[in-house]
Amino acid sequence: MIQRWRSLFMRGVPVMAIMVLGGSGLDAQQQPATAMPPIDTQLPPPADHKAAAVAVLADYRHDDLLWENDRTAHRIYGHALEAVEPPSGSGIDSWGKQFVWPFADRQLRSGDQHGYHGEGIDFYNVGSGRGAGGLGIWHDNKLWTSRNFIRYRIRTTGGKAADFEVDYAPWPVDVGRTVWETRRFTLPLGTHFTRMVSTLSSNKPGEMIVGIGIGKRTTGPIAGQMSADRTRGVMTWWGPEDGAHGRMAVAIRVDPATIVELRDDADNYLFLVRVKAGKPFVYFSGSAWSKGAGGFDTREKWQSYAASQVLDFSVPVR
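As a starting point, this report considers the structure included with it. If you're wondering where the values come from, they're calculated on a predicted model, not measured in any experiment.

Calculation criteria
Residues numbered from 1 in each chain as written. Predicted model: local features only at pLDDT ≥ 70, side-chain atom pairs only at ≥ 80, totals over all residues. Heavy atoms only, no water. Helix = DSSP H or I, 4+ residues; strand = E, 2+ residues; numbered from the N terminus. Core = buried A, V, L, I, M, F, W, Y, C linked by side-chain atoms within 4.5 Å. Buried < 20%, exposed > 50% of the residue type's maximum accessible area, 1.4 Å probe, protein only. Pairing = 2+ DSSP bridges. Axes fitted to C-alpha atoms, helices over the stretch in contact; angles between N-to-C directions. Contact = heavy atoms within 4.5 Å. Salt bridge = Lys/Arg side-chain N within 4 Å of Asp/Glu carboxyl O. Phe/Tyr/Trp six-rings, centres within 6.5 Å; stacked < 30°, edge-to-face > 60°. Lys NZ or Arg CZ within 6 Å of the ring centre and 35° of its normal.

What follows covers unusual backbone geometry. One non-glycine residue, His 62, adopts positive backbone phi at about 60 degrees. Of note, His 62 is situated in the loop between β1 (54–58) and β2 (64–68). Not every positive phi belongs to a glycine, and Asp 174 is a case in point at roughly 60 degrees. As for its position among the elements, Asp 174 is in the loop between β9 (161–173) and β10 (177–188).

One finds Trp 67, Ile 76, Phe 185, Leu 200, Val 210 and Ile 212 to be the most contacted residues of the largest nonpolar core, which totals 52 residues. For this core, the element with the highest residue contribution is β9, accounting for six residues. Trp 238, Ala 288, Phe 296 and Leu 311 belong to the second-largest nonpolar core, a separate cluster that totals 15 residues.

Reading across the sheet, the eight strands line up as β8-β9-β10-β11-β18-β15-β14-β13 and stay open at both edges, with antiparallel pairing between neighbours. Of all strands in the sheet, those with a lone pairing partner are β8 (151–156) and β13 (225–229), marking the two edges. When strand polarity is set aside, the average angle formed by the axes of neighbouring strands in this sheet is 20 degrees. With respect to the sheet, helix α3 (residues 299–308) is in contact with β11 (193–202), β13, β14 (234–238), β15 (248–254) and β18 (281–289), its orientation differing from that of β14 by roughly 160 degrees.

To continue, consider the pairing of β15. With seven of seven residues buried, β15 lies mostly within the body of the structure. Summarising the sheet, β14 and β15 pair through five bridges and their orientation is antiparallel. Bridge pairing links Met 235 to Ile 252 in β15.

Counting buried positions along α3 gives seven out of 10 residues, so the element sits mostly inside the fold. Residues of α3 that are buried: Trp 302, Gln 303, Ser 304, Tyr 305, Ala 306, Ala 307 and Ser 308. If you follow the buried residues of α3, they end up packed against β11, β13, β14, β15 and β18.

On to the environment of Glu 165, then. On the secondary structure map, Glu 165 appears in strand β9. Look at Glu 165 and you get buried, because its relative accessible area is 5%.

It is worth spelling out the pattern of salt bridges at this point. If you walk through the whole model with that rule in mind, you get 22 salt bridges. As a salt-bridge pair, Asp 167 and Arg 153 come within 2.9 Å of each other at their nearest N and O atoms. Note that Asp 167 is positioned in strand β9 and Arg 153 in strand β8, a separation of 14 residues in sequence. Arg 153 sits in the partly exposed class, given a relative accessible area of 32%. Close ionic contact of Glu 241 with Arg 247 constitutes a salt bridge, the shortest N to O distance being 3.1 Å. Owing to a relative accessible area of 46%, Glu 241 belongs among the partly exposed residues under this scheme. Classification of Arg 247 as partly exposed rests on a relative accessible area of 23%. One network of salt bridges, with partners in common, ties together Arg 151, Arg 153, Arg 155, Asp 163, Glu 165, Asp 167 and Arg 184.

A few words now on the pairing of strand β3 (residues 73–76). On β3, burial covers both faces: Ala 73 and Arg 75 on one face and His 74 and Ile 76 on the other are all buried. With four bridges joining them, β2 and β3 adopt antiparallel strand pairing. Residue Trp 67 lies in a different strand from β3, and its bridge partner there is His 74. The turn linking β2 back onto β3 is made up of four residues. One ladder, built from three bridges, connects β3 with strand β4 (residues 93–97); its direction is antiparallel. Across the sheet, Ala 73 pairs through a bridge with Trp 95, a residue of β4.

Before going further, it helps to examine the packing of aromatic side chains. Counted by the stated rule, this structure contains 13 aromatic pairs. Between Trp 67 and Phe 185, the ring centres sit 5.1 Å apart and the planes meet at 65 degrees, which makes this aromatic pair edge-to-face. Taken together, the residues span a long stretch of sequence, with Trp 67 in strand β2 and Phe 185 in strand β10 at a distance of 118 residues. Neither residue differs from the other here; Trp 67 and Phe 185 are each classed as buried. In textbook terms, an aromatic cluster arises when at least three aromatic residues are bridged by ring pairs, as seen for Phe 193, Phe 296, Trp 302 and Tyr 305. The residue whose ring lies beneath Lys 142 is Trp 144, and the NZ or CZ to ring-centre distance is 4.1 Å. Sitting over the ring of Tyr 269, Lys 216 keeps its end group 5.3 Å from the ring centre.

Take a look at the structure:
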């Protein structure tokens, strides 16, 4: 099956069936008509019930960095976690989110982020893969990836957009190259997509092939359902049903003009894109919970939404 869709992709044939344009038609605060997991213990109440986009450093939990808006929630891992939970890496975690107000910091402070406490849940397992849109350098048929971020800068939080930057320490690409990265994450209200602006620097000038990926087995032993459309630069993943937890859905969007090919390794489905050392490039990562905000309770709704969003791949002027 992998060889079949790769062959189609290389010929430029859209593998993903593009559905009717537009979102799911549900307000982010509405609940899908589906049974929720049983509540373990209720979270402490939020300060208010207003929608907000926030970025928070969880220095109480090995420097996890959390960000969310009214529709989706994520986490990346700080350097301190490497000593506690090896192997730990630069993949992106995605959480199921139920309501418009922020919950991830209170969920993590509970000491049981994997339980359901009435507002959302983390049952997505990044492991050593790319999770929901992490990247690496593709060289010699292998993905070479960084470890956890080492520095962060929160630019805006608590309003209409969560905006921050992180730095990744230099990492080797085989024996002939060293690469390091600065990446800016921006998540405004009203979307499931985080805008990434990545600048990959290197001890050698010239072109690099970057693999931007979605983890295969992040919510159980089954790989889930992947679809790709090269003409739109869209890749979507619809996770397997995980009991009462439901499903997670992930998508990445890249500039179609930069695509080299679609590949996979043991852990990830990958878009391979062409970039230049020291030159920023833009891509987008999105996710949703089948029981949560947005009403994406079918694969078709998620594919339609991911493909229909009008996204800006122009690099901002610093």
